[in-house]
Amino acid sequence: MPSPVALDPPPSSLSIFKEKELPSQLPSMPISYLSAVQRADTRARSHDSSSVASTPTLSSSPSITASSEDSALSEDDENNCLVYPLTPPTSEQVFSTTHTEFGHCANEAYRCISKHDYTKPFEDQAIEEPPYYIFLATHISFFILHLLGYMRDFFGKRFAKSYFAHLIPQNGYAPLNTKFDSFYTRRLRGRMTDCLCQPVTGVPGRTIVILDRHSTDNNYTQIYTGGKTRALNISSYNYLGFSQGRGGCSDAVKESIRRCGVSTCGTRLESGSSEFHVSAEALVARFVGMEDALISSMGFATNSTFIPALVGKGSLIISDELNHASIRIGARQSGADVRVFKHNDMSSLESLLREVISQGQPKTHRAWKKVLVIVEGLYSMEGTVVNLPKIVELKQIYKFYLYIDEAHSIGALGPHGRGVADYFNIPPSSIDVLMGTFTKSFGAAGGYIAGPKTLIDCLRLRGHSGPYAEAIAPPVLAQIVASMASVMGVAFASQPTTSKFSLSPVGSIVTPRDSAIELLGMVPASSLPTWMNLPPALADGSEARMRIRRLAFNSRYLHAGLKKLGFIIYGHSFSPIVPLLIFNPGKLPVFVRMMRAYSPPIVVVVVTYPATTFETARARFCPSASHTKEDIDTVLRACDEVGGILDLKHGSGERWGIDMVCERAVELVHPV
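Quantities reported herein were computed from a predicted structural model and do not represent experimental measurements.

Trainee: Any chance you could explain the overall build of the protein chain here in plain terms?
Mentor: Looking only at helices and strands, one finds 20 helices and 16 strands in the protein chain. Sorting the 672 residues of the protein chain into buried and exposed places 56% on the buried side. Long-range contacts, defined here as pairs at least 24 residues apart, represent 74% of the contacts in the protein chain between residues at least 6 apart.

Below, the structure written as structure tokens:
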């Protein structure tokens, strides 16, 4: 299918290392919008003459700012809703973002605060079962796929051996690929290759530009057409929308490259540790409310390399059955015994604790050296939030150590974006080890471990990332520091920090807080590099607070809206991960293709085995603070139409029409 939006090839003389110039001619279609932009921009500049030059007061669209490669897109009337706001801004409205990267939304009604309501019971995961014919059709589909696949392999290995040479032993060498992995890749995953690993270009913000491709050999190979399509992005981990091509954070990244280069060319225990790393670790410790922290260049490796340094032989790891693969790999490498409890089931966890503590180690029945319970704050495939109040209660009774993976919850949950402890208003000191990543909410890369200073000092030496992994690159550190500082707010010399932390200039040592409410403290300006000058809206924390509340509204609205439309939805209502159950493997690629063919196009991610069980294939939506209420409306309307065609609406409860859902969005988010 030809792309509805094609890319004009850039001139050969244009270098990617030079600033792009503004186009000499503006599109003639949105004249009223551009006039409003000009008036608002002029008014804003007259009121604030101290604005940072590199961060425009009002950025209207890539076609106007020409700030990224996306500006080469030739937008048509059909998809202008992705480029220009449906409602032009008034002269009083000031936006500091590009609409394609971070949507313009000035309506304060479309905001929500993410926090736990202790007047209501904990929101347990409600597992809805589809009708029996859906399960039957799903199993029949898998049976047919396997049957046809094995028949083709059986005859192919005998009559078309050249296509199966990599699976047949040759010259005494066994095949590198295992039979099942190869079969799954070729016969199941291969049927929907066009729906997976979609190449993109530009900034993964509110919208994203995908490279058009097609296949002439049943997805064995993909042919790129040279065209590009802008689509609504509901698939990226960009919860707070900090992944932007222009603005305060990107300015800081650009300056860090000029001052520090692109790499420190060494590991943290050798020559790769700079003062920038030390100050970033101090900032992370302050942000999560722990005494000390260390950072790693890869989120997956943060778990897989530091868990073995925490426990070993004679210790016990108790893990949630749906913990991430990085946790499982780290647990296996540690040499400790591993026991598993049912997902987020506190009764299962307590009964397991009683058993293992009373019985001790296998054979000898000696007491365990240490017991470590590992859970996730927000589960990436289910969208469920850990029952932290109950786990902390069990911790006080059974005296185990608690390790929480906050890869998805940090920045995304809590009224101040500080994760599950902030969401439940529980002191961070109640948790022994906090792990998180910078990939999801901060638009960067890498991960961190936070805890007591004595523990962190030990992990710096014993964790494999310290002596063997490359240190985080300075540009990535700049993105981490700029985005995290904007969430906290920066207190200059004349401003009190209202914080009980004391920062050490030598190490990343801070004094732990006594309660979660004290996370309100701002970061002193002296803790940031002197060359990092954030725009006023980022420095005072106002923009970050807006982002956190927009994310909470979008997540809750999408979750409630899909349920009202009749879909089976997993996860917590405040979770920025919203799984929509599809079940049948044959419907997965059709769902992706129909959403991509919708007007405007929507990019979605579908997940099946091995990330989930065979029977619970799903689409996984990731709303962001960058989306507007109209964007969520678009996703809901597309799901309503596609879901009706594919017979996906099997949820229980009261159902509303799509128009009622869109009109009563605020009521869905803030029920009486």
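Trainee: Got a minute to help me understand the sheet that holds strand β3 (residues 223-233) in this structure?
Mentor: Hydrogen bonds along the backbone pair up the strands of a sheet, which may run parallel or antiparallel. Strand order in the open sheet formed by four strands is β1-β2-β3-β14, and the pairing between neighbours is mixed. The two strands at the open ends of the sheet, each matched to only one other strand, are β1 (200-201) and β14 (602-603). One ladder, built from seven bridges, connects strand β2 (residues 207-214) with β3; its direction is antiparallel. Within β3, the residue paired with R213 across the bridge is Y224.

Trainee: Help me understand the pattern of salt bridges, please; the structure alone is not making it clear to me.
Mentor: For the structure shown, the criterion picks out 24 salt bridges. The residue R460 makes a salt bridge to D457 at a minimum N-O spacing of 3.8 Å. Highlighted residues: R460 and D457, both in helix α12 (residues 453-462), separated by three residues, approximately one helical turn. Here the residues in one salt-bridge network are R268, E281, D292, K453, D457 and R460, joined through shared partners.

Trainee: What should I look at first to understand the nonpolar core in this one?
Mentor: Side chains of a nonpolar character, in soluble globular proteins, are inclined to be buried together. I318, L388, Y557, L562, F591 and F621 are the most contacted members of the largest nonpolar core, which totals 129 residues. Counting 18 residues, the second-largest nonpolar core is a separate cluster that includes F306, L310, V311 and L372.

Trainee: What is the right way to read the packing of helix α16 (residues 542-564) against helix α18 (residues 629-646) from this model?
Mentor: The geometry of a pair of packed helices is captured by two quantities: the angle between their axes and the separation between those axes. Packing of α16 against α18 brings their axes to within 10 Å, and their N-to-C directions diverge by 20 degrees. When the interaxial angle is binned, α16 and α18 end up roughly parallel. Seen along the crossing, α16 lies across α18 with a hand that is right-handed. The residues of α18 that touch α16, namely those facing F553, N554, Y557, L558, G561 and L562, are K629, I632, D633, V635, L636 and C639.

Trainee: Explain the packing of helix α3 (residues 132-159) against helix α4 (residues 179-188) to me, please; I cannot follow it from the model alone.
Mentor: Following both chains from N to C, one finds α3 and α4 inclined at 105 degrees, their axes separated by 10 Å at the closest point. Classed by the angle they form, the pair α3 and α4 counts as roughly perpendicular. Contacts between α3 and α4 involve F142, L145, H146, G149, Y150, R152 and D153 from the former and F183, R186, R187 and L188 from the latter. Classifying every residue of the contact of α3 with α4 gives five nonpolar, two polar and four charged.

Trainee: Even after reading the chapter, I still don't get the packing of aromatic side chains, so can you show me in this structure?
Mentor: All chains considered together, the criterion is met by 20 aromatic pairs. Their ring planes at 45 degrees and their centres at 5.9 Å tell us that F553 and Y557 sit as a pair that is tilted. Of this pair, F553 and Y557 both sit in helix α16, four residues apart, which is roughly one turn of the helix. Judged by its relative accessible area of 0%, F553 is buried. Among the residues examined, Y557 registers a relative accessible area of 0% and is labelled buried. Taken together through their ring pairs, the aromatic side chains of F142, F180, Y184, Y609 and F614 make up a single cluster. The ring centre of F102 lies 4.3 Å from the NZ or CZ of R547, which sits over that ring. The lysine or arginine in question, R664, covers the ring of W656, its NZ or CZ lying 4.3 Å from the ring centre.

Trainee: Help me understand the sheet that holds strand β8 (residues 401-405), please; the structure alone is not making it clear to me.
Mentor: Pairing is mixed across the open sheet formed by seven strands, whose spatial order is β4-β10-β9-β8-β7-β5-β6. With one partner strand each, in any of the chains shown, β4 (292-296) and β6 (337-341) form the two edges of the open sheet. If you compare each strand with its neighbour and ignore which way they point, the axes differ by 20 degrees on average. When β8 meets strand β9 (residues 433-437), the two strands line up parallel, connected through three bridges. By the bridge assignment for β9, Y403 is matched with V433. Sheet strands in contact with helix α6 (residues 275-288) are β4, β9 and β10 (447-451), and its direction is about 120 degrees off that of β4.

Trainee: Looking at this structure, how should I read the pairing of β3?
Mentor: On a regular strand, one side chain projects to one face of the sheet and the next to the other, so that they alternate. Bridge count for β3 against β14 is two bridges, and the pairing is parallel. Bridging from a neighbouring strand, N233 pairs with V603 of β14.

Trainee: Is there a simple way to explain helix α5 (residues 248-260) in this structure?
Mentor: Residues spaced three or four apart along an α-helix point in a common direction, a consequence of the helix completing one turn every 3.6 residues. A rise of 1.5 Å per residue sets the reference length of α5, with its 13 residues, at 18 Å; its end C-alpha atoms lie 18 Å apart and thus fit the reference within 8%. Of the positions making up α5, those classed as buried are G248, C249, S250, A252, V253 and S256. Those residues of α5 that are buried lie in contact with α14 (474-488) and α15 (536-539).

Trainee: Explain the environment of S486 to me, please; I cannot follow it from the model alone.
Mentor: Counting through the fold element by element, S486 comes out in helix α14. Among the residues examined, S486 registers a relative accessible area of 0% and is labelled buried. A sequence separation of 49 residues divides S486 from P535, and the C-alpha atoms of the two residues are 9.5 Å apart. Beyond its immediate stretch of four places on either side in the chain, S486 contacts F242, L534, L538, G541 and A544. A polar atom in the side chain of S486 sits 2.6 Å from the backbone oxygen of S483.

Each value, and the rule that gives it
Residues numbered from 1 in each chain as written. Predicted model: local features only at pLDDT ≥ 70, side-chain atom pairs only at ≥ 80, totals over all residues. Heavy atoms only, no water. Helix = DSSP H or I, 4+ residues; strand = E, 2+ residues; numbered from the N terminus. Buried < 20%, exposed > 50% of the residue type's maximum accessible area, 1.4 Å probe, protein only. Contact = heavy atoms within 4.5 Å. Pairing = 2+ DSSP bridges. Salt bridge = Lys/Arg side-chain N within 4 Å of Asp/Glu carboxyl O. Core = buried A, V, L, I, M, F, W, Y, C linked by side-chain atoms within 4.5 Å. Axes fitted to C-alpha atoms, helices over the stretch in contact; angles between N-to-C directions. Parallel < 35°, antiparallel > 145°, perpendicular 65-115°, else oblique. Left-handed = near helix turned anticlockwise from the far one by under 90°. Nonpolar A, V, L, I, M, F, W, Y, C, P; charged D, E, K, R; others polar. Phe/Tyr/Trp six-rings, centres within 6.5 Å; stacked < 30°, edge-to-face > 60°. Lys NZ or Arg CZ within 6 Å of the ring centre and 35° of its normal. Expected span 1.5 Å × (residues − 1). Polar contact = N/O pair within 3.5 Å; in protein donor to acceptor, adjacent residues only side chain to side chain.

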